[in-house]
Amino acid sequence: MVTDNPSDSPNEENEKLDVLKSTQTVVKIALEQLGYPDEVYDLLKEPIRMMTVRIPVRMDDDSIKIFTGYRAQHNDAVGPTKGGVRFHPHVSEKEVKALSIWMSLKAGIVDLPYGGGKGGIVCDPREMSFRELEGLSRGYVRAISQIVGPTKDIPAPDVFTNPQIMAWMMDEYSRIDEFNNPGFITGKPIVLGGSHGRESATAKGVTICIDEAVKKKNIKVKGSRVVIQGFGNAGSYLAKFMHDAGAKVVGISDAYGGLYDPNGLDIDYLLDRRDSFGTVTKLFSDTITNDELLELECDILVPAAVENQITEKNAHKINASIIVEAANGPTTLEATRILSERGILLVPDVLASAGGVTVSYFEWVQNNQGYYWSEEEIEEKLYKVMTKGFNAVYSTAETRKVDMRLAAYMVGVRKMAEAARFRGWI
Ligand code: GLU
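Not measured: the values here are computed from a predicted model. (Residues numbered from 1 in each chain as written. Predicted model: local features only at pLDDT ≥ 70, side-chain atom pairs only at ≥ 80, totals over all residues. Heavy atoms only, no water.)

**Observations regarding unusual backbone geometry**
The cut-off we apply is this: Counting from the N terminus, the helices are the DSSP runs of H or I reaching at least four residues and the strands are the DSSP runs of E reaching at least two. Note on exposure labels: buried denotes an accessible area under 20% of the residue type's maximum, exposed denotes more than 50%, and partly exposed covers the range between, all computed with a 1.4 Å probe on protein chains only.
If you check the backbone angles, Phe160 has positive phi at about 60 degrees while not being a glycine. By secondary structure assignment, the location of Phe160 is in the loop between β6 (153-154) and α6 (163-177). Backbone geometry places Asn308, a non-glycine residue, at a positive phi of 55 degrees. Looking at the secondary structure, you find Asn308 in the loop between β10 (300-303) and β11 (322-324). On the accessibility criterion, Asn308 (21% relative accessible area) is partly exposed.

Following this line, the structure appears as structure tokens:
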């Protein structure tokens, strides 16, 4: 195929949306900026371990369906690997690998004693029954049981997985291990050793980043206009926190479209009507598209859905002063450059979404010590960890004169590189 403009060729287009490639690009630059030799990049550019599994599940109509799942362990120099399991039709090996690298970076930025891990199963939980989902969750744990465990690799929730799924997984692992093992997984229901504040932790972490970011831009949260793309776990709790803090949430969306009201949406009503997958817009006729939503005029824009939403195609049209990435990978590298040239303050995913894994860490610590903290104690600890992470990234961006994403990667990669060096790996 011949194109007039070579930069528009489908291959280049795909490369720009290749989350693993773009993650590797920034890791490489971050390591170069920090003065590490090439072999450090060679070690960190891919997970140290990647498992692909095939999971047979008996479906409700008695047929057997075989699902494909993955578990990536990026690097365990600092400690056991840690990260969620995603149930989604678009899960791929590449995506899981990139997500595991992002988990390593998050752990580095908020200084947790972990490396990054991630799992995913190619499936559509919206079309599966409760019983089928239980079979799939248990089958996945049986398939990966040899490489996971409370001192090896600790799973957690991610897109379309929840405390119930964590409970089944914990139960399955405990049966295999022959003793009750709550520290195998985080994001569990409270009665099974879950932590207070875990469900809303990602959104709380995003809120803390917003509070820090507005100070830098001389904006007040109260009265500010907020647009949130995605109404799942992070997006819905965030809408509630922003609404309660006196901000006007003027736009929200789900996979099917968006809602807009310049006077502020009725968030309590929307939360009441959303289903467990975060779908709510189907109840309305006057919706806007997700593309239109991202271009709405606002002070704070929060992509809280999936990857590659802000690209070079729409980055020029973003009408926000601050972007805080609650989703993993919502902005491409070209878009990051355009936004930073336009003076928009972008708080990158590996920092902004680190609240979830931080409270997961608190959950794991509580499981290990067998002594549990109150919601207030968790909130106080999360606040300290997130503000420290934010300031480390912000000051690195200022002193090294780099954008916030590169600064976050520099902060995030350092501890892992140092740990690998002390261990004598590189
Ligand atoms: N899945 C979440 C993330 O992407 C949380 C991971 C965890 O709690 O371990 O950060």
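Structure's up, so let's keep going.
**Concerning the site of the ligand**
How we decide: Being near a molecule or strand, for a residue, comes down to having at least one heavy atom within 4 Å of it. A 3.5 Å cut-off defines polar contacts: any pair of N or O atoms within that distance qualifies, except that in protein one atom must be a possible hydrogen donor and the other a possible acceptor, and neighbouring residues in sequence count only when both atoms are side-chain atoms. All accessibility values rest on the Shrake-Rupley procedure with a 1.4 Å probe; residue burial counts only the protein chains present in the view. Amino acids are sorted into nonpolar (Ala, Val, Leu, Ile, Met, Phe, Trp, Tyr, Cys and Pro), charged (Asp, Glu, Lys and Arg) and polar (every other residue, Gly among them).
Close to the ligand lie 14 residues; Lys82, Lys106, Pro157, Asp158 and Ser360 are nearest. Residue Pro157 places a main-chain N or O atom 2.8 Å away from a nitrogen atom belonging to the ligand. Contacts to the ligand include Asn328, whose side-chain N or O atom sits 3.4 Å from an oxygen atom. Relative to its free-state accessible area of 290 Å², the ligand is covered by the protein chains to the extent of 95%. When residues in the shell around the ligand are grouped by element, the largest group, three residues, is from helix α13 (residues 355-369). Residue composition of the shell around the ligand, by class: four nonpolar, five polar and five charged.

**Some thoughts on the nonpolar core**
Short version of the rule: Nonpolar cores were defined as sets of buried Ala, Val, Leu, Ile, Met, Phe, Trp, Tyr and Cys residues, with membership established by side-chain atoms within 4.5 Å. Note on contacts: a residue pair qualifies if any of its non-hydrogen atoms lie within 4.5 Å across the two residues.
Grouped together as the largest cluster of nonpolar side chains are 85 residues, with contacts concentrated most on Leu31, Ile210, Ile228, Ile252, Val302, Val324 and Val413. Considering each element in turn, this core owes the most residues, ten residues, to helix α15 (residues 404-422). Apart from residues no more than four positions distant in its own chain, Leu31 is found in contact with Tyr36, Val40, Tyr41, Leu44, Val413 and Ala417. Counting 26 residues, the second largest nonpolar core, distinct from the first, contains Val141, Ile165, Trp168 and Met169.

**A word on helix α11 (residues 333-341)**
Operational definition: Arc definition: directions from the helix axis to the C-beta atoms.
Listed as buried for α11 are Ala335, Thr336, Ile338 and Leu339. Buried residues of α11 fall within an arc of 165 degrees about the axis and therefore sit on the same side. In the core, the buried residues of α11 are packed alongside β11, β12 (345-347) and α15.

**Structural notes on the sheet that holds β11**
Heads up, the condition is: Any two strands between which DSSP finds at least two bridges are classified as paired. For helices, the axis comes from a line fit to the C-alpha atoms of the stretch in contact; other axes are also lines fit to C-alpha atoms, and the angle between any two N-to-C directions lies between 0 and 180 degrees.
Spatial strand order, β9-β8-β7-β10-β11-β12: six strands in an open sheet with mixed pairing. Each edge of the sheet is formed by a strand with only one pairing partner; in this case those strands are β9 (257-260) and β12. Each strand of the sheet is rotated relative to its neighbour by a mean of 15 degrees, with strand direction disregarded. As judged from the four bridges shared by strand β7 (residues 225-229) and β10, these two strands associate in the parallel manner.

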